[in-house]
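# Report on the structure
Here's the letter readout for the chains.
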Amino acid sequence: MAAGAYVITNLIDQSQNELWQLVVSIVIGGAALIVQYMIDFERRLASVESALVTHHRDMKNLVSEKFMQVGEVTGIFGKLDRAGLDTEDVKLLLQSATEVQSQGPDIVKAFARAELAKLASTMVNLTGGTSEWPGENNDWLFGLTGCAERSVDAISSSVDLTFWATEPARRYLDAQSEAIGRGVIVRRVFIVETAADVNSDLEEICRSQGRRRIETRVVVRSELSHDLKGGPINDCVIFDGQLCFELTADRTQGNPTTTLNARLPRLTERRKRFNELWDAGRDAGSRSL
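Residues numbered from 1 in each chain as written. Predicted model: local features only at pLDDT ≥ 70, side-chain atom pairs only at ≥ 80, totals over all residues. Heavy atoms only, no water.

Before going further, it helps to examine the overall build of the protein. Summing up its helical and strand segments, the protein has 9 helices and 7 strands in all. Every one of the 289 residues in the protein was classed for burial, and the buried ones make up 31%. When contacts within the protein are restricted to residue pairs at least 6 apart in sequence, long-range pairs at least 24 apart make up 69% of them. As displayed, the protein has an accessible area near 18,500 Å², and 59% of this comes from carbon and sulfur atoms. (Helix = DSSP H or I, 4+ residues; strand = E, 2+ residues; numbered from the N terminus. Buried < 20%, exposed > 50% of the residue type's maximum accessible area, 1.4 Å probe, protein only. Contact = heavy atoms within 4.5 Å. Areas by Shrake-Rupley, 256 points an atom, 1.4 Å probe, with all protein chains shown as cover.)

Encoded structure:
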């Protein structure tokens, strides 16, 4: 630029001495540099302004998104309050899950994530009135017994004499005894194939449960009327007449599946079936003690 300015000054006045020409060229060249710098600065300023606008927009979207999330969480906790649920339990669950993920070993983190996923799946399924678990789920059974307020009606489709002497059976009966202490009526129907199956061991089981104030009756399937023989006889427990806990197995009596069902058609069917079997049953020692 200085060279160009020098040429211009020579064209303007050839009579000027070289010093003046040099001064003018320096001034013009400096002005050109300043103009170029201003142009570059304006470009850079525009670029910075564009970056600031983009950053401002991103920050605004981020803040808006976070506020939406806060509003969503607040709304969820509001629903919990209106539903009569303890929000402190939910807070404790979330805080504990966060702490485990931040400081626990990898195997504990993986297990915690799996447990949360199963809990979430159960809650989602229950919104549709039913939930299923592959295998037996005693936790559901004990938990529901602890939540019952009016009645627990159970159908034992096959009498496993050894089961009632096990630790899980004792815990189950203890939970039912506690429910009876709260005023819950507990009834159980045992189903056997023939009259010969009503032996002293079964009678002792009934007497033992009778001492816990559990009402029991025995149904001999071979003695049922034709219309009752065709009904379902899988293991089933109906809680407060509102939720059905069912345990089913495949044809080989393996791979059991636990199902919770609160849908009215299924509940109506299962309540009707229990009442029919109860009416058709006979005492086996529980009421005499």
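By secondary structure assignment, the location of Glu167 is in helix H6 (residues 167-181). Side chain to side chain, Glu167 and Arg170 meet in a polar contact 2.4 Å long. (Polar contact = N/O pair within 3.5 Å; in protein donor to acceptor, adjacent residues only side chain to side chain.)

It is worth spelling out the side chain of Thr259 at this point. Looking at the element boundaries, Thr259 is found in strand E7 (residues 257-261). Thr259 sits in the buried class, given a relative accessible area of 15%. Apart from residues lying up to four places away in sequence, Thr259 is in contact with Thr130, Ser131, Glu132, Cys244, Phe245 and Glu246.

Looking now at the pairing of strand E3 (residues 185-192). On a regular strand, one side chain projects to one face of the sheet and the next to the other, so that they alternate. In terms of residue burial, E3 counts as a mostly covered element, since 7 of its 8 residues are buried. Of the pairings in the sheet, the one linking strand E2 (residues 151-156) to E3 comprises 6 bridges and is parallel in character. If you follow Ser156 over to E3, its bridge partner there is Phe190. Note that E3 and strand E4 (residues 215-220) share 6 bridges and pair parallel. Its bridge partner being in E4, Arg188 is matched across the sheet by Thr216. (Pairing = 2+ DSSP bridges.)

Moving on: the sheet that holds strand E5 (residues 235-239). Read across the sheet, 7 strands follow the order E1-E7-E6-E5-E2-E3-E4 without closing on themselves; strand pairing throughout is mixed. Where the open sheet ends on each side, the last strands, each with one partner, are strand E1 (130-134) and E4. Averaged over all neighbouring strand pairs, the angle between strand axes comes to 15°, with direction disregarded. Relative to E7, E1 runs antiparallel, the two being bridged by 5 bridges. If you follow Pro134 over to E7, its bridge partner there is Thr257. Here helix H4 (residues 106-126) sits on the sheet and contacts E1 and E7; the angle it forms with E1, its principal contact strand, is near 145°. Running over the sheet, H6 touches E2, E3 and E5 and is turned about 140° from E3. (Axes fitted to C-alpha atoms, helices over the stretch in contact; angles between N-to-C directions.)

These figures come from the coordinates and say nothing about function on their own.
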